[in-house]
Amino acid sequence: MTDGFDIICIGSVLWDVIGRTDRAMRVGADVPGRITMIPGGVAMNIAMTLREMDLTPALLSAIGNDPQGAQLLARAQAMGMVTEHIHISPDQPTDRYMAVEGPAGLIAAIADAHSLEAAGDAILKPLTEGPLSSVDAPYEGVIALDGNLTKALLSEIAASPAFSKADLRVAPASPGKAERLAPLLACPNATLYVNCEEAGLLCGNAFDSAPEAALALSKQGAARVLVTDGASAACELHEGDLMTQIPPEVAVTRITGAGDTFMAAHLAAEYKGADRALALTAAIGAAAAYVSGHAVA
């Protein structure tokens, strides 16, 4: 642990508003279900899973100077996260994500991450101008990075000396934002976590399996990738060595956040010394537990 934390999580920290129903839905349907409001966002989801695995994350994000932001900060601090480096936006509201899930999975979602996007490189100043690191003294630890940042900011990270020695772990916020990761494809210190659809968007193609997608990403310059494909085989490709594993069969009770859980469990396992095979097994197991509604740790 350095400076009171183990891993830095950069990206969206917001409120998730999730409506879930066990009824089939069509456009215009009005059905009974449950609505929850919980801390979310890719960076926060990863951070929460890291806490469940006894690691301490530090958050770099933007939160509004409003009651919702104050509540979110209080929740993060109560969970044991380091929040002192979060940028507080004076004129932007705290971001939110709204999703509707049915028995077959996600039906629709809207991500309002405008405050994070408006903050721009202000959220990176603890790494580029101190106190955590600078362009002259690059950060050398693990950074979990999410695709809710703008493509311009992700391009800046890919080119900045301040990030050149970090172990970058990168995930898109959603398929709709997958193409933002393109500047990071050629980074030798980046590991990409995507599903088949997101890999297809990055490569301009559609893939029938995770291994096919991983090989295509490698040809695009990716040094290391992990690709998931729902209940089908997941894989990791590193320096030409492809490894696949089959997820266990589970009853699906929730979807939102599963990919974030997979990524967090994988990097946590490696942080604690697991080899590639054990880390992939840990990630698949954690994601399966999450979607089935059980505890991850």
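Note that the structure is predicted; figures quoted are calculated from it, not measured. Numbers given for residues are sequential positions, taken from 1 along each chain in its written order. Local features in a predicted model are, by the rule used here, given only for residues with pLDDT of at least 70; side-chain atom pairs are given and counted only at 80 or more, and totals for whole chains, interfaces and linings are based on all residues. The basis for every side-chain value is the complete set of non-hydrogen atoms in the structure, without hydrogens or water.

Asker: Account for the sheet that holds strand β10 (residues 167-171), with residues named and values stated.
Answerer: Here we have eight strands laid out as an open sheet, ordered β4-β1-β9-β10-β11-β12-β13-β14, and mixed in their pairing. Both edges of this open sheet fall to β4 (57-60) and β14 (241-245), since each of them pairs with a single strand only. Each neighbouring strand pair of the sheet contributes to a mean axis angle of 15°, computed without reference to strand direction. Those strands touched by helix α8 (residues 258-271) are β1 (7-10), β9 (142-146), β10, β11 (190-195) and β12 (224-229), and its axis lies near 165° from that of β10. A strand pair is defined by DSSP finding two or more bridges across the two strands. Here a strand is any run of E in DSSP of at least two residues, a helix any run of H or I of at least four, and the numbering for each starts at the N terminus. A fitted line through C-alpha atoms serves as each axis, taken over the contacting stretch for helices, and the angle formed by two N-to-C directions is quoted from 0 to 180°. In this description, contact between two residues means that some pair of their heavy atoms is separated by no more than 4.5 Å.

Asker: Go over the pattern of salt bridges, please, and point to the residues and values.
Answerer: Basic side-chain nitrogens of Lys or Arg form a salt bridge, by our definition, when they fall within 4 Å of a carboxyl oxygen of Asp or Glu. On inspection of all chains with the given rule, the structure shows nine salt bridges. Ionic pairing is found between R180 and E117, a salt bridge with its closest N-O pair at 3.0 Å. You can see R180 sitting in the loop between β10 and β11 and its partner E117 sitting in helix α3 (residues 114-119), a full 63 residues away along the chain. Shared partners join several salt bridges into a network, and the residues in it are D167, R169, R224, E236, D241, E270 and R276.

Asker: An account of the pairing of β12 is requested, with residue identities and associated values reported.
Answerer: Sheet topology places β11 next to β12; five bridges connect them, and they run parallel. Paired with L192 across the bridge in β12 is V225. Hairpin remark: β12 followed by strand β13 (residues 232-238), antiparallel, with two residues in the connecting loop; positive phi at G230, about 60°.

Just geometry here; none of it tells us what the structure is for.
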